[in-house]
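Here is how the chains run, residue by residue.
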Amino acid sequence: MLRQDTKHLYGFVISSKTRTDILEILFKNPILRQSEIAKCIKQKQQNIYKPIDDLIKAGLIECLNPEKKAWKSYIIADLGKVVITFGKTLKEETRKRNK
């Protein structure tokens, strides 16, 4: 069942390419550190701090070790998986309609 705020959260994610890239890379990889995320999406580590923080506040990703100052590890939250799946379904339905 689709959560009421899924569409809103999907809009929040796709309004930033960096947020979209981070969520998609965490969807494909179970656990990544901030430096690994930055490398995967070809961004500098300092440029992804705020998008990661935004995704955490939205409940889309989780930090496994928030008490650490460095070497933090992140996973996609269940809600993040729902939002990514919603986006993939939406794209697929749009593609089918446009054929």
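One structure accompanies this document, and this report is about it. Computed from a predicted model, the values in this text were never measured in an experiment.

## Focus: helix 5 (residues 78-97)
Between its first and last C-alpha atoms helix 5 spans 29 Å; for 20 residues at 1.5 Å apiece the expected length is 28 Å, and the two agree. Turning to helix 5, its buried residues number three or more, namely L79, G80, V83, I84, F86 and G87. Along helix 5, the residues classed as buried sweep out an arc of 155° about the axis, all on the same side. Exposed residues on helix 5 whose side chains face more than 90 degrees from its buried face are D78, R95 and K96.

## Considering the pattern of salt bridges
Tallying each qualifying case throughout the model produces six salt bridges. The salt bridge partner of K50 is D54, with a shortest N-O separation of 3.0 Å. Placement of both K50 and D54 in helix 4 (residues 49-57) is noted, with a separation of four residues, approximately one turn of the helix. A cluster of three or more residues bridged by salt bridges with shared partners is formed by R19, K50 and D54.

## Here's the deal with the nonpolar core
Counting 23 residues, the largest nonpolar core has I22, L23, L26, I37, L60 and V83 as its most contacted members. Sorting the residues of this core by element identifies helix 1 (6-14), helix 2 (17-28), helix 3 (34-40), helix 4, strand 2 (61-63), strand 3 (73-76) and helix 5 as the ones contributing at least two each. Not counting residues up to four positions away in its chain, the partners in contact with V83 are T6, L9, Y10, V13, L23 and L60.

## Some points on the side chain of N65
One can find N65 in the loop between strand 2 and strand 3. Here N65 falls in the buried class, since its relative accessible area comes to 11%. When sequence neighbours within four positions are dropped, the list of residues in contact with N65 reads W71, K72 and S73.

## Quick look at the sheet that holds strand 2
Pairing is antiparallel across the open sheet formed by three strands, whose spatial order is 1-3-2. Each edge of the open sheet carries a strand with a single partner, namely strand 1 (32-33) and strand 2. Looking at chain direction, strand 2 and strand 3 are connected through three bridges and run antiparallel. Each residue of the ladder has a partner; that of I61, found in strand 3, is I76. The strands touched by helix 2 within the sheet are strand 1, strand 2 and strand 3, with strand 3 carrying the most contacts at an inclination of about 85°.

Scoring rules and cut-offs
Residues numbered from 1 in each chain as written. Predicted model: local features only at pLDDT ≥ 70, side-chain atom pairs only at ≥ 80, totals over all residues. Heavy atoms only, no water. Helix = DSSP H or I, 4+ residues; strand = E, 2+ residues; numbered from the N terminus. Expected span 1.5 Å × (residues − 1). Buried < 20%, exposed > 50% of the residue type's maximum accessible area, 1.4 Å probe, protein only. Arc of directions from axis to C-beta. Salt bridge = Lys/Arg side-chain N within 4 Å of Asp/Glu carboxyl O. Core = buried A, V, L, I, M, F, W, Y, C linked by side-chain atoms within 4.5 Å. Contact = heavy atoms within 4.5 Å. Pairing = 2+ DSSP bridges. Axes fitted to C-alpha atoms, helices over the stretch in contact; angles between N-to-C directions.

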